[in-house]
Amino acid sequence: MNCNRCQESLSPFLDDDLDEKTSVAVRDHLATCEPCKKLYDDFTAILENAKFEELSTDLSPNSQALWCRINNIIESEIVREEPTPVPELPRGFFARGFTFSQVGTAVICVALISSLLTIVGIRNYLEPTDDDIMGSGEP
């Protein structure tokens with residue numbers, strides 16, 4: 001038996017899936033070939049280390065906290081993927097983009113201007129004209 005054929009047969013040999021004749025040929029080859037023997041030893045070491053007792057199904061004491069953290073991470077990723085809704089524009093006067101401070105300033109300006117015009121108008125009405133001071137012009 002050559003090395004390639006022996007190496008191909010190692011896994012079935014370890015699982016006892018080979019017929020008697022092939023199994024004897026693999027044993028004989030392993031006794032005489034150091035590289036194939038090394039590979040066989042490596043496979044058996046892997047199988048020995050892979051054998052383990054049945055895993056405990058008991059959950060760790062913090063398993064509930066762990067699942068809560070995992071759930072929170074998943075939910076936060078889902079929320080990030082959702083598009084942000086476009087806010088609805090208000091209707092009416094403020095829909096044009098005026099703020100309360102702009103409207104308040106405009107109201108104060110209108111009040112000041114109307115007050116000044118009223119004061120000027122009252123002064124002009126109440127002040128005597130030059131004709132009133134000098135007389136009507138008749139001697």
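Check the entry above for the structure.
Residues numbered from 1 in each chain as written. Predicted model: local features only at pLDDT ≥ 70, side-chain atom pairs only at ≥ 80, totals over all residues. Heavy atoms only, no water.

## Concerning the packing of helix H1 (residues 3–14) against helix H3 (residues 34–50)
And step 1. At a minimum axis separation of 10 Å, H1 and H3 run at an interaxial angle of 20°. Taken together, H1 and H3 sit at an angle that is classed as roughly parallel. At the point where H1 passes H3, the crossing takes the right-handed sense. Where H1 approaches H3, its residues Cys3, Cys6, Gln7, Leu10, Phe13 and Leu14 are matched on the opposing element by Cys36, Leu39, Tyr40, Phe43, Thr44 and Leu47.
And step 2. Classifying every residue of the contact of H1 with H3 by side-chain character gives ten nonpolar, two polar and no charged. (Axes fitted to C-alpha atoms, helices over the stretch in contact; angles between N-to-C directions. Helix = DSSP H or I, 4+ residues; strand = E, 2+ residues; numbered from the N terminus. Parallel < 35°, antiparallel > 145°, perpendicular 65-115°, else oblique. Left-handed = near helix turned anticlockwise from the far one by under 90°. Contact = heavy atoms within 4.5 Å. Nonpolar A, V, L, I, M, F, W, Y, C, P; charged D, E, K, R; others polar.)

## Considering the pattern of salt bridges
And step 1. All told, the structure shown has two salt bridges when counted by the stated rule.
And step 2. Lys37 is the salt-bridge partner of Asp41, the closest N and O atoms lying 3.4 Å from each other. Of this pair, Asp41 and Lys37 both sit in helix H3, four residues apart, which is roughly one turn of that helix.
And step 3. Here Asp41 falls in the partly exposed class, since its relative accessible area comes to 34%.
And step 4. Residue classification places Lys37 among the partly exposed positions, given a relative accessible area of 31%. (Salt bridge = Lys/Arg side-chain N within 4 Å of Asp/Glu carboxyl O. Buried < 20%, exposed > 50% of the residue type's maximum accessible area, 1.4 Å probe, protein only.)

## What to know about the side chain of Ser23
And step 1. Tracing the sequence through the fold places Ser23 in helix H2 (residues 20–32).
And step 2. Taking the relative accessible area as the measure of exposure, Ser23 reaches 9% and is therefore buried.
And step 3. Within the local environment of Ser23, its side chain forms a polar contact with the side chain of Arg27, the two groups lying 3.0 Å apart.
And step 4. Discounting residues that sit within four places of it in the chain, Ser23 has contacts with Phe13 and Leu18. (Polar contact = N/O pair within 3.5 Å; in protein donor to acceptor, adjacent residues only side chain to side chain.)

## Focus on H2
And step 1. The end-to-end C-alpha separation of H2 is 19 Å, in line with the 18 Å expected for 13 residues at 1.5 Å each.
And step 2. Residues of H2 that are buried include every one of Thr22, Ser23, Val26, His29 and Leu30, and no others. Within H2, the buried residues cover an arc of 125° as seen down the axis, which keeps them to one side. Relative to its buried face, H2 has exposed residues pointing more than 90 degrees away, namely Glu20, Lys21, Ala31 and Thr32. (Expected span 1.5 Å × (residues − 1). Arc of directions from axis to C-beta.)

## Overview of the state of the cysteines
Disulfide: a covalent bond connecting the sulfur atoms of a pair of cysteines.
And step 1. Applying the stated criterion across every chain yields a total of zero disulfides.
And step 2. Just so you know, Cys6 is unpaired, no disulfide at all, and the nearest cysteine sulfur is the one on Cys36, 4.3 Å from it.
And step 3. Looking at the unpaired Cys36, the closest cysteine sulfur is the one in Cys33, lying at 3.6 Å.
And step 4. A relative accessible area of 0% means that Cys36 is categorised as buried. (Disulfide = S-S within 2.5 Å.)

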